[in-house]
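One letter stands for each residue in the lines below.
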Amino acid sequence: MSASIVARLCAPALAPRRARLSKRRARPTLAPPVRAVVTAEDVAAQLSGEDLGKWESCRSILVGELGMDEDKADKTMIRAFGWGGQTYWRNEKVEEVPEVEDVEARIAYLLEIGIEQADLAEKVLGKVPEVLGCDVETRLKVNVAHIQKTCFMKPNTKNFRNYINRVPQVLGNNLDCAAQGLNCAGECNRCWARC
């Protein structure tokens with residue numbers, strides 16, 4: 001026998017390529033831990049007295065004025081005020097107790113710029129409930145001005161209303177990686193570059 005044949009016979013057998021790939025894929029991943037879903041009962045258990053009253057008052061505004069059902073109103077408030085996951089807020093709002101005046105002012109402003117009441121509940125807060133947690137002066141008015149400047153749309157017009165209904169996250173944007181010449185900051189759910 002030749003030396004090459006002996007070397008092949010004595011060498012450990014290599015596993016077929018398919019088997020090696022499956023072992024590679026079987027490694028544990030470094031996925032982030034799954035956060036428990038926060039419910040209205042969880043929020044109510046953590047709040048007491050005046051804070052619980054504020055929460056209930058704000059929820060009744062969503063149910064009464066916007067026509068949301070109670071379950072949807074609870075889910076909207078949980079995300080809008082940072083009680084659930086932090087994918088949008090990035091710890092800017094953590095378990096905040098809403099003020100009735102602030103919620104009323106935000107809803108009034110959104111109606112004032114031409115969003116219809118039914119669309120506000122379904123198309124805006126239904127898609128991006130965090131808009132309810134955005135401050136009128138520092139976020140909502142600034143973003144409406146940005147839309148006017150860059151998209152040439154004025155509030156209270158059909159095009160503006162359709163744009164907001166189609167892309168409601170523009171009301172909560174606070175970052176523009178493209179315009180600022182930055183590398184991606186990784187906050188794409190709040191960036192103008194994606195809209």
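The rules we used
Residues numbered from 1 in each chain as written. Predicted model: local features only at pLDDT ≥ 70, side-chain atom pairs only at ≥ 80, totals over all residues. Heavy atoms only, no water. Salt bridge = Lys/Arg side-chain N within 4 Å of Asp/Glu carboxyl O. Helix = DSSP H or I, 4+ residues; strand = E, 2+ residues; numbered from the N terminus. Buried < 20%, exposed > 50% of the residue type's maximum accessible area, 1.4 Å probe, protein only. Contact = heavy atoms within 4.5 Å. Phe/Tyr/Trp six-rings, centres within 6.5 Å; stacked < 30°, edge-to-face > 60°. Lys NZ or Arg CZ within 6 Å of the ring centre and 35° of its normal.

(A) Seen up close, the pattern of salt bridges. Counting across every chain of the model gives 13 salt bridges. Put simply, arginine 139 and glutamate 92 hold a salt bridge, and the shortest N to O gap is 3.1 Å. Residue arginine 139 is located in helix H8 (residues 136-151), and its partner glutamate 92 is located in the loop between helix H5 (70-80) and helix H6 (100-112); the two are separated by 47 residues in the primary sequence. For arginine 139, a relative accessible area of 11% gives the class buried. Taking the shortest distance from any N to any O, the salt bridge between lysine 123 and aspartate 119 comes out at 3.8 Å. Here aspartate 119 and lysine 123 lie together in helix H7 (residues 117-124), a separation of 4 residues that amounts to about one turn. Residue class for lysine 123 comes out partly exposed when judged on its relative accessible area of 37%. The buried category is assigned to aspartate 119, whose relative accessible area is 13%.

(B) Local environment of the side chain of lysine 54. Tracing the backbone shows lysine 54 in helix H4 (residues 49-64). Judged by its relative accessible area of 18%, lysine 54 is buried. With near-sequence residues (within four places) excluded, lysine 54 lies in contact with Val97, Pro98, Glu99 and Val100.

(C) Quick look at the environment of glycine 133. Looking at the element boundaries, glycine 133 is found in the loop between H7 and H8. In this structure, the C-alpha to C-alpha distance between glycine 133 and glutamate 96, residues 37 residues apart in sequence, is 9.3 Å. Aside from chain neighbours lying at most four places away, what touches glycine 133 is Ala80, Phe81, Trp89, Lys93 and Arg106.

(D) Representation of the packing of aromatic side chains within the structure. One pass over the full model with this rule turns up 2 aromatic pairs. With a centroid separation of 5.8 Å and an interplanar angle of 75 degrees, the aromatic rings of tryptophan 55 and tryptophan 83 are classed as edge-to-face. Of this pair, tryptophan 55 sits in helix H4 while tryptophan 83 sits in the loop between H5 and H6, and the two are 28 residues apart along the sequence. Side by side, tryptophan 55 and tryptophan 83 carry an identical accessibility label, which is buried. For the ring pair tyrosine 88 and tryptophan 89, a centre distance of 4.7 Å and an interplane angle of 90 degrees mean the geometry is edge-to-face. The two residues tyrosine 88 and tryptophan 89 agree in class, both being buried. Over the ring of tryptophan 89 we find lysine 93; its NZ or CZ atom is 5.2 Å from the centre of that ring.

(E) Structural context of unusual backbone geometry. One non-glycine residue, asparagine 91, adopts positive backbone phi at about 65 degrees. Looking at the secondary structure, you find asparagine 91 in the loop between H5 and H6. Its relative accessible area of 58% is what places asparagine 91 among the exposed residues. Positive phi, normally seen in glycine, also occurs at glutamate 95, with a value near 50 degrees. Structurally, glutamate 95 can be placed in the loop between H5 and H6. In this structure glutamate 95 comes out as partly exposed when scored by relative accessible area, which is 35%.

It is worth stressing that arrangement in space is one thing and function is another; only the former is reported here.
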